[in-house]
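What follows is the residue order along each chain.
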Amino acid sequence: MRITILGARGSIPTEGEGMIEFGGSTSCVLIEAGDQAVFLDAGTGIMNAPDVGTKQISIFLTHPHLDHILGLPFFPYLQQKNKRIDFYAKRSGTHSAKELVGEVLSPPLWPCRADDYPADIVFHDMALPVRMGDVLVEGIASNHPGGGTVYRVTFSQRSVVYATDYEYDPPKASELVEFARGTDLLMMDGQYTRDELEGKRGYGHSAPESGIRIMKESGAKMIRFVHHDPMHRDDFLRRMEAEAAELYGTDENGSGDGIKTVAFARKEEVIIL
Ligand SMILES: [Zn+2]
Ligand SMILES: [Zn+2]
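Every value quoted in this text rests on a predicted model; they were computed, and no experiment measured them.

### Side note on the overall build of the protein chain
Helix and strand counts for the protein chain come out as five helices and 14 strands. Taken against the 2.2 N^0.38 rule, which gives 19 Å for 273 residues, the C-alpha radius of gyration of the protein chain at 18 Å falls within 12% of a compact globule. When burial is assessed residue by residue, the protein chain has 55% of its 273 residues classed as buried. Within the protein chain, contacts between residues separated by at least 24 positions form 64% of all contacts whose residues are at least 6 apart in sequence. Total accessible area on the protein chain stands at roughly 12,200 Å², and carbon and sulfur atoms take up 50% of it. Computing the positive centroid from 28 side-chain charges and the negative centroid from 40, the protein chain places the two 2 Å apart.

Written out as structure tokens, the structure is:
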């Protein structure tokens, strides 16, 4: 399994000084496994999708907030004639997956519609689990305004869990602990410091200490914090990272091969499991 965190910025894209190391592109994770290329979310990170060869492409949306769908119009594979792209999203109110995308990709908000792109987008009103070849995609509900999905993607006895846009809430957290049980990589919302979180309850995001707790209770082997706050610059994120590593509490953060156990996702970070 090859995981590329194409976008880890939350809420809105950022750029400029202090936004280099952790990147400014919004939510998108690419998982390449077997003959599948699975994209989780379509934030602006999806614009930098690498060449995935002949792998079958699918996109799974956690939820339709703008920062998770904003890159879709510039997804390079939309420009490939007859390229099949399977797009999965949960029905939202009266909106099907196709209608959700249609809200964004249609005039007057955007000059063209999904059907106008050369690729062949196949929309699915998501019902999990979904199996594609040897890849299994499972999900549970996220704790986030308007709802959302936490994904677990499994291939060949390896797995990743993607819990972005998730507000830690102790009564509900046990479900995530069970869902993340023993996973190789937990990608977890760590947008706010504990102090910031005090004024932002109900926004649907967490502080890193919650991720560390989920990691320890679930036995997840590695954590990458995602959904970096747009106001947090590189030096600030490095400090948050050091504090999270301290909470995790081992002398050595990592296995000695340069891969940290506890870290904030870097710009276009690649993790091979
Ligand atoms: Zn978000
Ligand atoms: Zn959201």
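Now that the structure has been shown, the text picks up again.
### Details of the coordination of the zinc ion (ligand 2)
Coordination of the zinc ion (ligand 2) by the protein is provided by His 63 (NE2), His 65 (ND1), His 144 (NE2) and Asp 165 (OD), with metal-donor distances spanning 2.1 to 2.5 Å. Bound by four donor atoms, the zinc ion (ligand 2) shows angles of 89 to 172° at the metal and therefore irregular coordination geometry. Binding-site remark: the zinc ion (ligand 2) is held by donors from one chain whose sequence spacing is H-x1-H-x78-H-x20-D. In this structure, the zinc ion (ligand 2) is positioned 3.5 Å from the zinc ion (ligand 1), and both are ligated by Asp 165.

### Topic: the nonpolar core
Of all hydrophobic cores here, the largest spans 29 residues; its most connected members are Phe 39, Ile 59, Phe 75 and Phe 87. Those elements that place two or more of their residues in this core are β2 (28-33), β3 (36-40), β4 (56-60), β5 (84-89), α1 (97-104) and β6 (120-125). Among the nonpolar cores identified, the runner-up in size contains 27 residues, and Val 160, Leu 185, Met 187 and Ala 265 belong to it.

### Thoughts on the pattern of salt bridges
Taken as a whole, this structure holds 16 salt bridges when the rule is applied. For the salt bridge of Asp 86 with Arg 84, the shortest nitrogen-to-oxygen distance reads 2.7 Å. On the basis of relative accessible area, Asp 86 is assigned to the buried category, the value being 2%. Its salt-bridge partner being Glu 241, residue Lys 260 comes within 3.5 Å of it at the nearest N-O pair. Note that Lys 260 is positioned in the loop between α5 (234-248) and β13 (262-264) and Glu 241 in helix α5, a separation of 19 residues in sequence. A residue is classified by how much of its surface remains accessible, and Lys 260, at 34% relative accessible area, is partly exposed.

### Quick look at the side chain of Thr 193
Note that Thr 193 resides in the loop between β11 (185-189) and α3 (194-198). Among the residues examined, Thr 193 registers a relative accessible area of 19% and is labelled buried. Setting aside anything within four residues of it in sequence, one finds Thr 193 in contact with Ala 207, Phe 236 and Met 240.

### As for the packing of helix α4 (residues 208-218) against α5
Across the interface, α4 lies against α5 with an axial gap of 9 Å and an inter-helix angle of 35°. Pair α4 / α5 crosses with right-handed handedness. Across the interface between the two elements, Pro 208, Glu 209, Ile 212, Met 215 and Lys 216 from α4 touch Met 240, Ala 244, Leu 247 and Tyr 248 from α5. Looking at the contact of α4 with α5 residue by residue, the class counts come to seven nonpolar, no polar and two charged.

### Some thoughts on the coordination of the zinc ion (ligand 1)
For the zinc ion (ligand 1), the full set of protein donor atoms is Asp 67 (OD), His 68 (NE2), Asp 165 (OD) and His 227 (NE2), and the range of their distances to it is 2.1 to 2.3 Å. Taken together, the four donor atoms surrounding the zinc ion (ligand 1) define angles of 91 to 170° at the centre, an arrangement classified as irregular. The sequence motif formed by the donor residues of the zinc ion (ligand 1) is D-H-x96-D-x61-H.

### Side note on α1
Residues three or four positions apart in an α-helix share a direction because the helix packs 3.6 residues into each turn. Buried within α1 we find Ala 97, Leu 100 and Val 101. Angularly, the buried residues of α1 cover 90° about the axis, an arc narrow enough to put them on a single face. In this structure, the buried residues of α1 make contact with β5 and β6.

### A word on the sheet that holds strand β14 (residues 269-272)
The strand order across the open sheet formed by seven strands is β6-β5-β4-β3-β2-β1-β14, and the pairing between neighbours is mixed. Both edges of this open sheet fall to β6 and β14, since each of them pairs with a single strand only. On average, adjacent strands in this sheet sit at an angle of 20° to one another, irrespective of strand direction. As paired strands, β4 and β5 are joined by four bridges and run parallel to one another.

### Structural notes on the pairing of β3
A regular strand places its side chains so that they alternate between the two faces of the sheet. Within β3, five of the five residues are buried, which leaves it mostly tucked inside the rest of the structure. Both faces of β3 are covered, namely the face carrying Gln 36, Val 38 and Leu 40 and the face carrying Ala 37 and Phe 39. Relative to β3, β2 is paired through five bridges, and the arrangement is antiparallel. Along β3, the bridge assignment pairs Ala 33 with Gln 36. Between β2 and β3, which pair antiparallel one after the other, the connecting turn spans two residues, and Gly 34 there sits at a positive phi close to 55°. Pairing analysis gives five bridges linking β3 to β4, with the strands arranged parallel. By the bridge assignment, Gln 36 is partnered in β4 with Gln 56.

Rules of the game
- Residues numbered from 1 in each chain as written.
- Chains lettered and ligands numbered in written order.
- Predicted model: local features only at pLDDT ≥ 70, side-chain atom pairs only at ≥ 80, totals over all residues.
- Heavy atoms only, no water.
- Helix = DSSP H or I, 4+ residues; strand = E, 2+ residues; numbered from the N terminus.
- Rg over C-alpha atoms; globule rule 2.2 N^0.38 Å.
- Buried < 20%, exposed > 50% of the residue type's maximum accessible area, 1.4 Å probe, protein only.
- Contact = heavy atoms within 4.5 Å.
- Areas by Shrake-Rupley, 256 points an atom, 1.4 Å probe, with all protein chains shown as cover.
- Lys, Arg positive; Asp, Glu negative; His and termini not counted.
- Charge placed at Lys NZ, Arg CZ, Asp CG, Glu CD.
- Donors = N, O, S within 2.8 Å, 3.2 Å for Na, K, Ca; no water.
- Tetrahedral: all angles 85-135°; square planar, octahedral: opposite > 155°, others 65-115°.
- Core = buried A, V, L, I, M, F, W, Y, C linked by side-chain atoms within 4.5 Å.
- Salt bridge = Lys/Arg side-chain N within 4 Å of Asp/Glu carboxyl O.
- Axes fitted to C-alpha atoms, helices over the stretch in contact; angles between N-to-C directions.
- Left-handed = near helix turned anticlockwise from the far one by under 90°.
- Nonpolar A, V, L, I, M, F, W, Y, C, P; charged D, E, K, R; others polar.
- Arc of directions from axis to C-beta.
- Pairing = 2+ DSSP bridges.

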